[in-house]
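Remarks on the overall topology
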Amino acid sequence: IIDENNLFTSQRKLPLLAKIKTVYDTSLRLTEKSLGSIELTQQENSVSKKVKIWQDYCYVLEASSDCNKWITEAAKSPKPLRLVKFDSKTSRPNLSSRFDHHNTFFADAAPYLVANIRSLDTLNQALLKMGLPLASMSQFRPNIVLSELDGFAEHRFSEVYNDDKKINLSLR
């Protein structure tokens, strides 16, 4: 999802994005309780455009105007949003010092998504204060869920390991 300046935006800026459910069968379908569902389609004759995702620039193809209107309404964004997909004819640069030769598309450059239960609790407290629906852990699609840490403490760690130290992950 990009904004009017071709900059990536996430549910950190627009927390209602966390309430959108996704299903992929032969196509990708998005569902939001008050808006219903929409099947994603690419804009006809979509031209590859340069956007900023995290700290990198890459090329994307834009979804249809109906899809873009739907995502803007679902996020209750004051400004128009656009759904995009990675242009597979291009590649995104990566930090070879961190990730060797592995490429990513829109992921934040890492193969695992780590989430913290208490960070979710902190987010939900903020959503409650705003009168917004709560988010669930499944909306973040983590590979690894941490517990017994303060909210957002995971942002300060460089490693995570289990009690017997048989699993050790470097966090970068």
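So, a few notes on the structure that sits alongside this text.

About the thresholds
Residues numbered from 1 in each chain as written. Predicted model: local features only at pLDDT ≥ 70, side-chain atom pairs only at ≥ 80, totals over all residues. Heavy atoms only, no water. Buried < 20%, exposed > 50% of the residue type's maximum accessible area, 1.4 Å probe, protein only. Helix = DSSP H or I, 4+ residues; strand = E, 2+ residues; numbered from the N terminus. Contact = heavy atoms within 4.5 Å. Phe/Tyr/Trp six-rings, centres within 6.5 Å; stacked < 30°, edge-to-face > 60°. Lys NZ or Arg CZ within 6 Å of the ring centre and 35° of its normal. Pairing = 2+ DSSP bridges. Salt bridge = Lys/Arg side-chain N within 4 Å of Asp/Glu carboxyl O. Axes fitted to C-alpha atoms, helices over the stretch in contact; angles between N-to-C directions. Core = buried A, V, L, I, M, F, W, Y, C linked by side-chain atoms within 4.5 Å. 1 Å grid on protein atoms, 1.4 Å probe; cavity = no way out; pocket = protein on both sides within 12 Å on 5 of 7 lines; lining within 4 Å. Points joined across faces, edges and corners; volume = space filled by probe spheres on them. Nonpolar A, V, L, I, M, F, W, Y, C, P; charged D, E, K, R; others polar.

Turning our attention to helix H1 (residues 65-74). Those residues of H1 lying buried are Cys67, Asn68, Trp70, Ile71, Thr72 and Ala74. Against strand E2 (28-32), strand E3 (36-39) and strand E5 (56-62) lie the buried residues of H1. Where H1 ends, the next residue or the one after it, Lys76, has phi of about 50°, a positive value.

Now for the packing of aromatic side chains. Tallied over the entire structure, the rule returns 0 aromatic pairs. Sitting over the ring of Tyr57, Lys50 keeps its end group 5.0 Å from the ring centre.

This brings us to the pairing of E2. The sheet contact formed by strand E1 (residues 21-24) and E2 spans 4 bridges and is antiparallel. Paired with Thr22 across the strands is Leu30, a residue of E2. What sits between the antiparallel neighbours E1 and E2 is a turn of 3 residues. Sheet analysis places E2 next to E3, joined by 4 bridges and oriented antiparallel. Counted as the bridge partner of Thr31 is Ser37 from E3. Linking two consecutive strands that pair antiparallel, namely E2 and E3, is a turn of 3 residues.

Take the pattern of salt bridges next. Applying the stated rule across the entire model yields 4 salt bridges. Salt-bridge contacts for Lys49 lead to Glu62; the nearest nitrogen and oxygen are separated by 2.8 Å. Of the two residues, Lys49 sits in strand E4 (residues 49-53) while Glu62 sits in strand E5, which places them 13 residues apart along the sequence. You can call Glu62 buried: its relative accessible area is 10%. When the shortest N-O distance is used, the salt bridge between Arg82 and Glu62 registers 3.4 Å. Remark: Glu62 occurs in strand E5 and Arg82 occurs in the loop between H1 and strand E6 (84-86); sequence separation between them is 20 residues. Since its relative accessible area comes to 14%, Arg82 is described here as buried.

Before going further, it helps to examine the sheet that holds E4. Spatially, 3 strands are ordered E4-E5-E6 in an open sheet, and the strand pairing comes out antiparallel. Looking at which strands have only one partner, the edges of the open sheet turn out to be E4 and E6. Along the sheet, successive strands turn relative to each other by an average axial angle of 60°, direction set aside. Sheet topology places E4 next to E5; 5 bridges connect them, and they run antiparallel. Its bridge partner lying in E5, Val51 is registered against Cys58.

Another point: the nonpolar core. The biggest cluster of nonpolar side chains holds 13 residues, and the ones touching the most others in it are Leu17, Ile20, Leu30, Trp70, Ile71 and Leu83. A total of 4 residues in this core trace back to one element, the largest contributor, which is H1. Ignoring any residue separated from it by four or fewer positions in sequence, one finds Ile71 in contact with Ile1, Leu17, Ile20, Leu30, Leu81 and Leu83. By size, the runner-up hydrophobic cluster in this structure holds 7 residues, among which are Ile2, Cys58, Val84 and Phe86.

The next point concerns the layout of surface pockets. Of the volumes computed, that of the second largest pocket is approximately 280 Å³. As for the second largest pocket, its lining consists of Val145, Leu146, Ser147, Glu148, Leu149, Phe157, Glu159, Val160, Tyr161, Asn162 and Asp163. Of the residues forming the lining of the second largest pocket, the biggest block, 3 residues, is contributed by strand E9 (residues 159-161). Within the lining of the second largest pocket, the residues separate by chemical class into 6 nonpolar, 2 polar and 3 charged.

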